[in-house]
Amino acid sequence: MFTKYFQEQTKFLQESLKLRLEKKGITPPTEKDLKLFKEFYDFIKDHIPVGFSLAMGKVRNRTHVLNKNCDLIVYRKWCKNFLKLTGGYILTDQIYSFLSIENELTTESLLKHVELTQSIKTMYAMDYDLPEERFIPLYSILFAYKSRVPLLSHKLSMVHASEEKGIPITQEVDMLCVLDQGIIIKDWEQGTFKIIETNEDTLMWFYILFIEFLDRDNELKLDLRSYIKEQKQYVEK
């Protein structure tokens, strides 16, 4: 049921980004221009369940402010003036997922997201005084339109970063997605990452997993996998 729809959405996202990049032209390197990803923001906005909100930017917990901005945050606000009450910050205990968005995924941008992930999950753990091995219900996602670096290399980069920095599994990235290539997902059973080469179905599986991440409270009662009637075997590494 979903396959064709998400393949069409993939082409739309890719073509829209290409047009925006062409319109922007060659410019000196500056901070990431999130306006380039307007169609992706719209895609998320139009496909998340009622009750969730989107934001870009600032995060804090009860005592600390994150000194980096997030490209996209999915959270719940308890009132209309939530951001006014919090001074424009998204509180970590209201975050369900946070994303970094890249046109082309590089090792440098991947490692930045690894660092961001550890920072935000650590802030959540501080609020609740969680031990290092305790699951942290904030889902970290890195979404990219393309990558010249193979998925296997990205997986190894995340593994090496965790080893070198001593990052516990509970503070690691939960999912990495590269359109038309595949997904790297955290494998809790093995304690590492698994590559799934989903190819043209990548956006569909990104969305299914994303919705499952948002359903941490088991309130949505959605089983999107049951609507996929065409069973495919994807290469896993």
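The structure presented is a predicted model; accordingly, all values stated were derived computationally and were not measured. (Residues numbered from 1 in each chain as written. Predicted model: local features only at pLDDT ≥ 70, side-chain atom pairs only at ≥ 80, totals over all residues. Heavy atoms only, no water.)

(A) Local environment of the environment of Ala161. Among the secondary structure elements, Ala161 is positioned in helix H5 (residues 151-165). For Ala161 and Phe12, which are 149 residues apart along the polypeptide, the C-alpha to C-alpha distance reads 34 Å. Not counting residues up to four positions away in its chain, the partners in contact with Ala161 are Leu111, Val114, Gly166 and Ile167. (Helix = DSSP H or I, 4+ residues; strand = E, 2+ residues; numbered from the N terminus. Contact = heavy atoms within 4.5 Å.)

(B) Geometry of the nonpolar core. Counting 39 residues, the largest nonpolar core has Phe40, Phe143, Tyr145, Phe206 and Phe210 as its most contacted members. Of all the secondary-structure elements, those providing two or more residues to this core are helix H1 (3-24), helix H2 (38-47), strand S3 (70-75), strand S5 (95-104), strand S6 (139-146), strand S7 (175-178), strand S8 (182-187) and helix H6 (202-214). In terms of residue count, H6 provides more of this core than any other element does, 11 residues in total. Beyond its immediate stretch of four places on either side in the chain, Phe206 contacts Phe40, Phe43, Ile44, Leu99, Ile141, Phe143, Met175, Cys177 and Ile183. (Core = buried A, V, L, I, M, F, W, Y, C linked by side-chain atoms within 4.5 Å. Buried < 20%, exposed > 50% of the residue type's maximum accessible area, 1.4 Å probe, protein only.)

(C) Spotlight on the state of the cysteines. For the structure on display, the rule yields 0 disulfides. Here Cys177 is not cross-linked by a disulfide; its sulfur's nearest cysteine counterpart is in Cys70, at 18 Å. (Disulfide = S-S within 2.5 Å.)

(D) Just the sheet that holds S3, in detail. Strand order in the open sheet formed by 8 strands is S1-S3-S5-S6-S7-S8-S9-S10, with mixed pairing between adjacent strands. Across the chains shown, the open sheet's two edge strands, defined by having one partner strand only, are strand S1 (53-57) and strand S10 (235-236). Pairing analysis gives 5 bridges linking S8 to strand S9 (residues 192-197), with the strands arranged antiparallel. Across the sheet, the residue bridging to Lys186 is Phe193, located in S9. Lying on the sheet, helix H4 (residues 107-128) is in contact with S3, S5, S6, S7 and S8; it crosses S5 at an angle near 170°. (Pairing = 2+ DSSP bridges. Axes fitted to C-alpha atoms, helices over the stretch in contact; angles between N-to-C directions.)

(E) Fine view of the pattern of salt bridges. Considering all chains together, one arrives at 22 salt bridges under this definition. Note that Asp217 is salt-bridged to Arg76, the shortest N-O span being 3.8 Å. Of this pair, Asp217 sits in the loop between H6 and S10 while Arg76 sits in the loop between S3 and helix H3 (82-85), and the two are 141 residues apart along the sequence. What makes Asp217 partly exposed here is its relative accessible area of 35%. Judged by its relative accessible area of 19%, Arg76 is buried. The structure contains a network of salt bridges with shared partners spanning Arg76, Arg216, Asp217 and Glu219. (Salt bridge = Lys/Arg side-chain N within 4 Å of Asp/Glu carboxyl O.)

(F) Focus on the pairing of S5. For S5, a buried count of 8 out of 10 residues is recorded, marking the element as mostly surrounded by other parts of the structure. The sheet contact formed by S5 and S6 spans 7 bridges and is parallel. Counterpart to Glu102 in the pairing with S6 is Ala144. The parallel pair S5 and S6, bridged by H4, forms a crossover whose chirality is right-handed. (Right-handed = clockwise from strand over helix to strand, strands pointing away.)

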